[in-house]
Amino acid sequence: MSNAIAAALVVLLLASGCATLPPEEQREADFHHKMGISYLNEGSLQMAFVEFQKALQIDPDNKEILNSLGIVYLQLDEYRQAQQLFLRAVSADDSYSEAYNNLGITYIRENNWDKAIEAFTRALSNPLYQTPERAFYNLGVSYYRQGRYDRAADAFKDSIKRAPSFALPYYWLALSYNRQGRYGDAAALLARAIETDTAYRGDREKFIDDVRERLITAKGADETDLRDYLEMMKY
């Protein structure tokens, strides 16, 4: 199914070196980091892990490498190790929004909403953050899971303002409106989400089929959200 029901996103990776290393070592660290990113993009987590470890041995305080290795642990569902790496990355650069965003994602996975909100707020405190729509989206998910639907809706709207083609916040804004009893607005937002989402391009039947398939194994809050989507589709 589309990532429409997903709870978080991992940001894109960018290679960046530390100017204090000798040039030859810097080139070697950058090479291993870039190789790791290539493997990660291909879904080869073990090869990515090996390359990032090689890069980190050469440049142990590089925030980008720490963030990249943290993403591998995040995808392996090893959240404590991921958190340690993201915390090391923000210790190297307190304004490193990408690592704060990824740190918040680990807290989402642990249902630790207060810490998630704190991490996303830190990510958004940097005016130079290039993809704030992701942190606003993740912040909205955290508020939504706390039952703070007004705050969630505001965060999702902030995400949409900054990236109108980003489909995920439309889905969750629809859920937020639905919980507030704004059923007509919720249905309209869900229709817009399905139009915006490249996985559907307005194909409502495909979306319904995907939701019903997900319901077979869904539990708890995820199951409730999926059933809410189906109810919204009746409007």
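Note that the coordinates shown come from a computational prediction; the quantities given were computed from them, not determined experimentally.

Caption draft 1: Broad picture of a negative patch on the surface. Together, Asp203, Glu205, Asp209 and Glu213 make up a region of like negative charge exposed at the surface. Within the secondary structure layout, Asp209 lies in helix 11 (residues 204-215). Under the relative-accessibility criterion, Asp209 is labelled partly exposed at 45%.

Caption draft 2: Local environment of the packing of helix 9 (residues 168-179) against helix 12 (residues 220-232). Closest axis-to-axis distance for the helix 9/helix 12 pair is 10 Å, and the angle between their directions is 85°. On the basis of the axis angle, helix 9 is roughly perpendicular to helix 12. Taken together, the residues of helix 12 that come into contact with helix 9 (itself represented by Tyr171, Trp172, Ala174, Leu175, Asn178 and Arg179) are Thr224, Asp225, Asp228, Tyr229 and Met232. Residues belonging to the contact of helix 9 with helix 12 are distributed by class as follows: six nonpolar, two polar and three charged.

Caption draft 3: Summary view of unusual backbone geometry. Unlike most non-glycine residues, Asp77 shows phi in positive territory, near 65°. Within the fold, Asp77 resides in the loop between helix 3 (63-75) and helix 4 (79-92). Positive phi is not limited to glycine here, since Arg201 has a value of about 50°. Take Arg201: its relative accessible area is 62%, and that puts it in the exposed class.

Caption draft 4: Just the side chain of Asp228, in detail. Within the secondary structure, Asp228 is located in helix 12. Look past the residues within four positions of Asp228 in its chain and what remains in contact with it is Tyr144, Leu175, Asn178 and Arg179.

Caption draft 5: Structural context of the confidence of the model for the chain. Predicted confidence across the chain gives a mean pLDDT of 93, with 92% of residues reaching 70 or more. Confidence drops under a pLDDT of 50 for residues 1-18, and excluding neighbours within four residues, the segment shows 72 contacts in the predicted structure.

Caption draft 6: Up close: the nonpolar core. If you look at the biggest cluster of nonpolar residues, it comprises 72 residues, and the most contacted ones within it are Tyr171, Trp172, Leu190, Phe207 and Tyr229. Sorting elements by how many residues they give to this core places helix 9 first, with eight residues.

Caption draft 7: A look at the packing of helix 6 (residues 113-124) against helix 7 (residues 132-145). Where helix 6 contacts helix 7, the axes come no closer than 9 Å and their chain directions differ by 160°. As far as their axial angle goes, helix 7 and helix 6 are roughly antiparallel. Crossing angle aside, the handedness with which helix 6 passes helix 7 is left-handed. The segment helix 6 lies against helix 7, with Trp113, Ala116, Ile117, Phe120, Thr121, Ala123 and Leu124 engaging Pro132, Ala135, Phe136, Asn138, Leu139, Ser142, Tyr143 and Arg145. A class-by-class count of the residues in the contact of helix 6 with helix 7 yields eleven nonpolar, three polar and one charged.

Caption draft 8: Just the pattern of salt bridges, in detail. Going through the model one piece at a time under the given rule, you end up with 14 salt bridges. For the salt bridge of Lys157 with Asp154, the shortest nitrogen-to-oxygen distance reads 3.9 Å. Here the residue Lys157 and the residue Asp154 both occupy positions in helix 8 (residues 149-162), the gap between them amounting to three residues, near one helical turn. Overlapping salt bridges bring together Arg145, Arg179, Asp222, Asp225 and Asp228 as one network.

Caption draft 9: Structural context of helix 5 (residues 97-109). An ideal rise of 1.5 Å per residue puts 18 Å on 13 residues; helix 5 measures up with 19 Å between its terminal C-alpha atoms. Most of helix 5 sits out of view: eleven of its 13 residues are buried. By the burial criterion, the buried members of helix 5 are Ser97, Ala99, Tyr100, Asn101, Asn102, Leu103, Gly104, Ile105, Thr106, Tyr107 and Ile108. Residues of helix 5 that are buried in the fold lie against helix 3, helix 4, helix 6 and helix 7. Directly beyond the C-terminal end of helix 5, a positive phi value near 60° is found at Asn111.

Caption draft 10: Highlighting the packing of aromatic side chains. Summed over all chains, the structure comprises eleven aromatic pairs. Pairing Phe49 with Tyr73 gives two aromatic rings, centres 5.7 Å apart and planes at 90°, and the pair type is edge-to-face. Taken together, the residues Phe49 in helix 2 (residues 45-58) and Tyr73 in helix 3 connect sequence positions 24 residues apart. Judged by centre distance (5.3 Å) and plane angle (90°), the rings of Tyr144 and Trp172 are edge-to-face. Placement of Tyr144 in helix 7 and of Trp172 in helix 9 is noted, with a sequence separation of 28 residues between them.

Thresholds applied
Residues numbered from 1 in each chain as written. Predicted model: local features only at pLDDT ≥ 70, side-chain atom pairs only at ≥ 80, totals over all residues. Heavy atoms only, no water. Patch = residues over 30% accessible without salt bridge, like charges linked within 9 Å, V, L, I, M, F, W, Y side chains within 5 Å. Areas by Shrake-Rupley, 256 points an atom, 1.4 Å probe, with all protein chains shown as cover. Salt bridge = Lys/Arg side-chain N within 4 Å of Asp/Glu carboxyl O. Lys, Arg positive; Asp, Glu negative; His and termini not counted. Charge placed at Lys NZ, Arg CZ, Asp CG, Glu CD. Helix = DSSP H or I, 4+ residues; strand = E, 2+ residues; numbered from the N terminus. Buried < 20%, exposed > 50% of the residue type's maximum accessible area, 1.4 Å probe, protein only. Axes fitted to C-alpha atoms, helices over the stretch in contact; angles between N-to-C directions. Parallel < 35°, antiparallel > 145°, perpendicular 65-115°, else oblique. Contact = heavy atoms within 4.5 Å. Nonpolar A, V, L, I, M, F, W, Y, C, P; charged D, E, K, R; others polar. pLDDT = per-residue confidence, 0-100. Core = buried A, V, L, I, M, F, W, Y, C linked by side-chain atoms within 4.5 Å. Left-handed = near helix turned anticlockwise from the far one by under 90°. Expected span 1.5 Å × (residues − 1). Phe/Tyr/Trp six-rings, centres within 6.5 Å; stacked < 30°, edge-to-face > 60°.

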